[in-house]
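A look at the structure
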Amino acid sequence: MKASISKKIKPYKEKKDKSYDILISMLKKQGKVSFISLSEKLGKDFEEIKDFIAVIDKEKRIKIIYPAVGAPYITL
C-alpha cells in the first residue's frame, strides 16, 4: 500500500519541478513573464499561477512586479 501512495506523489513533484523549469527558461529568454502568458504556457488558471508564484517568491528567486496599469509580471 505504501508503494501506491509514493507513486501518486512522485508524478506531482515532477510536474511541479517541470513548471519551475519552464518558468526559469521563459525568464532567461524573455527577461520578464506575465502571469497570463505563464498561465497559458503551463495550462493552469490564474489562481493556480498566483499560488505557484507565491511559493517561489518566498525563496527570493524571482521578483513580482505589480504595475499601476497592466497585468502583473515576473522577473529574475
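Because the structure is predicted, anything quoted here is derived from the model rather than measured.

Time to look at the nonpolar core. By size, the foremost hydrophobic cluster in this structure holds 15 residues, and its most contacted members are Leu23, Leu27, Leu38, Phe52, Ile53, Ile62 and Ile74. Among the secondary structure elements, those contributing two or more residues to this core are α1 (2–30), α2 (35–42) and α3 (46–58). The contacts of Ile53, once residues within four sequence positions are left out, are Leu23, Phe35, Leu38, Ile62, Ile64 and Ile74.

On to the packing of aromatic side chains, then. Applying the stated rule across the entire model yields 2 aromatic pairs. Measuring from ring centre to ring centre gives 5.7 Å for Phe35 and Phe46, while their planes differ by 40°; the resulting arrangement is tilted. One end of the pair, Phe35, is in helix α2; the other, Phe46, is in helix α3, and 11 residues separate them in sequence. Connected via pairs of aromatic rings, a cluster forms that spans Phe35, Phe46 and Tyr66. Between Lys32 and the ring centre of Tyr73, over which it is positioned, the NZ or CZ distance is 4.6 Å.

Where α2 meets α3, the closest approach of the two axes is 9 Å, and the angle between their N-to-C directions is 105°. Our classification of the angle between α2 and α3 gives roughly perpendicular. Mapping the contact onto sequence places Phe35, Leu38, Ser39 and Leu42 in α2 and Phe46, Ile49, Lys50, Phe52 and Ile53 in α3. Its residues assigned to classes, the contact of α2 with α3 shows 7 nonpolar, 1 polar and 1 charged.

End to end, α3 covers 18 Å across 13 residues, agreeing with the expected 18 Å (1.5 Å per residue, within 8%). Those residues of α3 not exposed but buried are Ile49, Phe52, Ile53 and Ile56. Seen from one end, α3 has its buried residues packed into an arc of 95°, which puts them on one side. Exposed residues on α3 whose side chains face more than 90 degrees from its buried face are Asp51 and Lys58. Positive backbone phi, at 60°, marks Lys60, one or two positions downstream of α3.

Conventions we followed
Residues numbered from 1 in each chain as written. Predicted model: local features only at pLDDT ≥ 70, side-chain atom pairs only at ≥ 80, totals over all residues. Heavy atoms only, no water. Core = buried A, V, L, I, M, F, W, Y, C linked by side-chain atoms within 4.5 Å. Buried < 20%, exposed > 50% of the residue type's maximum accessible area, 1.4 Å probe, protein only. Helix = DSSP H or I, 4+ residues; strand = E, 2+ residues; numbered from the N terminus. Contact = heavy atoms within 4.5 Å. Phe/Tyr/Trp six-rings, centres within 6.5 Å; stacked < 30°, edge-to-face > 60°. Lys NZ or Arg CZ within 6 Å of the ring centre and 35° of its normal. Axes fitted to C-alpha atoms, helices over the stretch in contact; angles between N-to-C directions. Parallel < 35°, antiparallel > 145°, perpendicular 65-115°, else oblique. Nonpolar A, V, L, I, M, F, W, Y, C, P; charged D, E, K, R; others polar. Expected span 1.5 Å × (residues − 1). Arc of directions from axis to C-beta.

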